[in-house]
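# Summary of structural features
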Amino acid sequence: MKRTFLPLAAIVAVLLFSCNSETTKTTEPAAATASSFNLDSAKAAIAASNASYGNCFATGDSAKMVSLYTSDACIYPSNMPKMCGSQSINAFFNGGYKMGIRNIKLTTAEVMGSNDGVIETGTYELMAEKGATLDKGKFMVMWKEENGKWKMHRDIWNTDMPAAPAK
């Protein structure tokens, strides 16, 4: 019995120690990545992107606007199905510009998250050329880092304006 127990115990010990050292190896890089995340830097990048977003409405630059989204982004507009990908997002914002949207005021309420992603909540106001309000509401954006830049990954908004009366 001693002859089979000692080799078996040695194998179990080797497996346990190799599993423990492997766990240490995989958790160290994750800890290093998490410590490099800076929420204040993410907030600054989001604020800059939001300013650029507003400028895109003013100039009708849908290509620049689409570049603020990840390559696999989805938007969730009010009263419409979700739209994913650069082509769909570009078409949606071109349509908004043609309808007369010329400015957007974004007011961030909260920003929270980690290196895996950041959530921003806030309110918006869409305006026509002379500043007339077209829509007001709230939004939630999931931001994700892509190629070293924080970009919108999921963008959902809905209006606070009353529904049109039924005809």
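Quick notes on the rules
- Residues numbered from 1 in each chain as written.
- Predicted model: local features only at pLDDT ≥ 70, side-chain atom pairs only at ≥ 80, totals over all residues.
- Heavy atoms only, no water.
- Phe/Tyr/Trp six-rings, centres within 6.5 Å; stacked < 30°, edge-to-face > 60°.
- Helix = DSSP H or I, 4+ residues; strand = E, 2+ residues; numbered from the N terminus.
- Buried < 20%, exposed > 50% of the residue type's maximum accessible area, 1.4 Å probe, protein only.
- Pairing = 2+ DSSP bridges.
- Contact = heavy atoms within 4.5 Å.
- pLDDT = per-residue confidence, 0-100.
- Core = buried A, V, L, I, M, F, W, Y, C linked by side-chain atoms within 4.5 Å.
- Salt bridge = Lys/Arg side-chain N within 4 Å of Asp/Glu carboxyl O.
- Disulfide = S-S within 2.5 Å.
- Axes fitted to C-alpha atoms, helices over the stretch in contact; angles between N-to-C directions.

### A closer look at the packing of aromatic side chains
- Tallied over the entire structure, the rule returns 8 aromatic pairs.
- Ring centres of F37 and W150 lie 6.2 Å apart, and the angle between their planes is 75°; on these two criteria the pair is classed as edge-to-face. Highlighted residues: F37 in the loop between helix 1 (2-36) and helix 2 (39-59) and W150 in strand 6 (residues 149-159), separated in sequence by 113 residues.
- According to the relative accessible area criterion, W150 is buried, its value standing at 13%.

### Some remarks on the pairing of strand 4 (residues 117-127)
- The element strand 4 is largely enclosed, with a buried count of 9 among its 11 residues.
- Pairing between strand 3 (residues 103-114) and strand 4: 11 bridges, direction antiparallel. Of the residues in strand 4, the one forming a bridge with I104 is L126.
- Between strand 3 and strand 4, which pair antiparallel and follow one another directly, the connecting turn spans 2 residues.
- Here 10 bridges tie strand 4 to strand 5 (residues 133-146), and the two strands are oriented antiparallel to one another.

### Re the environment of G137
- Looking at where G137 falls in the secondary structure, it is placed in strand 5.
- Overall, the relative accessible area of 2% leaves G137 in the buried class.
- With 15 residues separating them along the chain, G137 and G122 place their C-alpha atoms 8.7 Å apart.
- Dropping the residues within four chain positions of it, G137 is found in contact with G122, T123, Y124, N158, T159 and D160.

### So, the confidence of the model for the protein chain
- With 79% of its residues at a pLDDT of 70 or more, the protein chain shows a mean pLDDT of 83.
- The model gives residues 1-32 a pLDDT under 50, and that stretch makes 1 contact with residues more than four places away or in other chains.

### Looking at the nonpolar core
- Counting 26 residues, the largest nonpolar core has Y53, F57, Y69 and F93 as its most contacted members.
- Elements represented by at least two residues in this core include exactly helix 2, helix 3 (62-67), strand 1 (69-76), helix 4 (86-98), strand 3, strand 4, strand 5 and strand 6.
- With 5 residues, helix 2 is the largest single contributor of residues to this core.
- Not counting chain neighbours up to four residues away, the residues in contact with F57 comprise M65, F93, Y97, I101, R102, N103, I104 and L126.

### Observations regarding the pattern of salt bridges
- Tallying each qualifying case throughout the model produces 2 salt bridges.
- D160 is the salt-bridge partner of K138, the closest N and O atoms lying 2.4 Å from each other. Linking K138 in strand 5 with D160 in the segment after strand 6, this pair joins segments that are 22 residues apart in sequence.
- One salt bridge in this structure joins K151 and E146, with 3.8 Å as the shortest N-O distance.
- Judged by its relative accessible area of 16%, K151 is buried.
- The exposure class assigned to E146 is buried, which follows from its relative accessible area of 17%.

### Here we look at the state of the cysteines
- As enumerated under the stated definition, the model contains 1 disulfide in all.
- Two residues share a disulfide in this structure: C74 and C84, whose sulfurs sit 2.0 Å from each other. Because the sign of the S-S torsion sets the handedness, a value of about 105° for the bond joining C74 and C84 places this disulfide among the right-handed ones. Taken as a pair, C74 in strand 1 and C84 in strand 2 (residues 83-84) lie far apart in primary sequence, 10 residues in all.
- Of the residues examined, C74 reaches a relative accessible area of 4% and is grouped as buried.

### Brief notes about the sheet that holds strand 2
- Taken together, the 6 strands give an open sheet; going across it, the order is 2-1-6-5-4-3, and neighbouring strands pair in mixed fashion. Two strands bound the open sheet, and with one partner strand each, they are strand 2 and strand 3.
- Here helix 2 sits on the sheet and contacts strand 1, strand 3, strand 4, strand 5 and strand 6; the angle it forms with strand 3, its principal contact strand, is near 160°.
- Where helix 4 meets the sheet, its contacts fall on strand 1, strand 2 and strand 6, and the angle it forms with strand 1 comes to roughly 50°.

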